[in-house]
Amino acid sequence: MSYDKHLATDEFKEWSKSYDRSILQWLIFGPSHRAIIRRIEQDAGRDRPIRILDVGCGTGVFAERIREAFPKAEVWGVDLVSAMLEKGAERWRAHRGHVVPIQGDSERLPFQSSSFDFVTCANSFHHYPHQDRAVAEMKRVLTPGGRLLLIDGYRDGLWGRFIFDVCVTLREGNVHHCSLARFRDLFAAAGLVDVEQDVHRGPAPFVLNIARRPPVASALPAPHFAVSSRTARV
């Protein structure tokens, strides 16, 4: 059976009941979030006023961490599944005025073009049935020169293929974890450049993909690809 938005909605509606207590929060979500925060800090520092969109924000765990790490940031979170947003209601209230949750579709982000300095997407991309459309939308809402930081399971190695192509697929359905090459192709097709791929190894390996919207739309240079590998820091 093909994986579509109806299946994803049903799956996450059920998962919302235990999402914040899931072992995945410790195993992969926490390390993933810290990796993205470190990279944003590297690019923008801690005290700059920046606008950040978290796509697939769920109950707002990561949006809250972003806000705590960058006190001058304005943070938006968007998620397809209302049940996930509702489960984060207390968290949204605690950060009212600084973190804004919105129900929306990654393929049709409800924001104007060139709205955000950073777009993040942590561990939800494999659930997107039309990944090319989602990447194109993330690029659209970035400011010129803004960066996309997208994390998902690293499935190029044998261990990753077993976890993500076998175990996760059996558990979650016909989801799709991209190879490193597939991520590069998606980013190139969307017009993103300066692609970096930082592989974090461990019991649940993941890859942090970093790409930039060109500051000038014309005469794009050939993208430069960089792949690094290191042990995940937890």
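It should be emphasised that the depicted structure is a prediction, and the values quoted were computed from it without experimental measurement.

## Quick notes on the overall build of the protein chain
Within the protein chain, the regular secondary structure consists of eight helices and eight strands. Split into buried and exposed, the 234 residues of the protein chain put 51% on the buried side. Accessible surface computed for the protein chain: about 11,100 Å², of which carbon and sulfur atoms make up 53%.

## Some thoughts on helix 6 (residues 131-141)
When we look at burial in helix 6, the residues that qualify are Gln-131, Ala-134, Val-135, Glu-137, Met-138 and Val-141. The buried residues of helix 6 occupy one face: seen down the axis, they fall within an arc of 160 degrees. Those residues of helix 6 that are buried are in contact with strand 1 (51-55), strand 4 (116-122), strand 5 (142-153) and helix 8 (180-190).

## Some details on the pairing of strand 6 (residues 193-201)
As paired elements, strand 6 and strand 7 (residues 206-212) share six bridges and run antiparallel to each other. Opposite Glu-196, over in strand 7, you have Ile-210 as the bridge partner.

## Notes on the environment of Thr-169
With respect to the helices and strands, Thr-169 occurs in helix 7 (residues 158-172). Within polar-contact distance, the side chain of Thr-169 engages the backbone oxygen of Asp-165 at 3.1 Å.

## A short note on the pairing of strand 4
Every other side chain in a regular strand lies on the same face of the sheet, so the side chains alternate between the two faces. For strand 4, a buried count of seven out of seven residues is recorded, marking the element as mostly surrounded by other parts of the structure. Direction of pairing for strand 1 relative to strand 4: parallel, over a ladder of four bridges. Paired with Ile-52 across the two strands is Phe-118, which belongs to strand 4. Summarising the sheet, strand 4 and strand 5 pair through six bridges and their orientation is parallel. Paired with Phe-116 across the bridge in strand 5 is Leu-142. Handedness of the crossover joining strand 4 and strand 5 through helix 6: right-handed.

## Thoughts on the side chain of Ser-115
Structurally, the position occupied by Ser-115 is in the loop between strand 3 (99-103) and strand 4. Within the structure, the side chain of Ser-115 is placed 2.5 Å from the backbone oxygen of Gln-112, a separation counted as a polar contact. Apart from residues no more than four positions distant in its own chain, Ser-115 is found in contact with Arg-51, Val-141, Leu-142 and Thr-143.

Calculation rules
Residues numbered from 1 in each chain as written. Predicted model: local features only at pLDDT ≥ 70, side-chain atom pairs only at ≥ 80, totals over all residues. Heavy atoms only, no water. Helix = DSSP H or I, 4+ residues; strand = E, 2+ residues; numbered from the N terminus. Buried < 20%, exposed > 50% of the residue type's maximum accessible area, 1.4 Å probe, protein only. Areas by Shrake-Rupley, 256 points an atom, 1.4 Å probe, with all protein chains shown as cover. Arc of directions from axis to C-beta. Contact = heavy atoms within 4.5 Å. Pairing = 2+ DSSP bridges. Polar contact = N/O pair within 3.5 Å; in protein donor to acceptor, adjacent residues only side chain to side chain. Right-handed = clockwise from strand over helix to strand, strands pointing away.

This is a description of form; function is not addressed.
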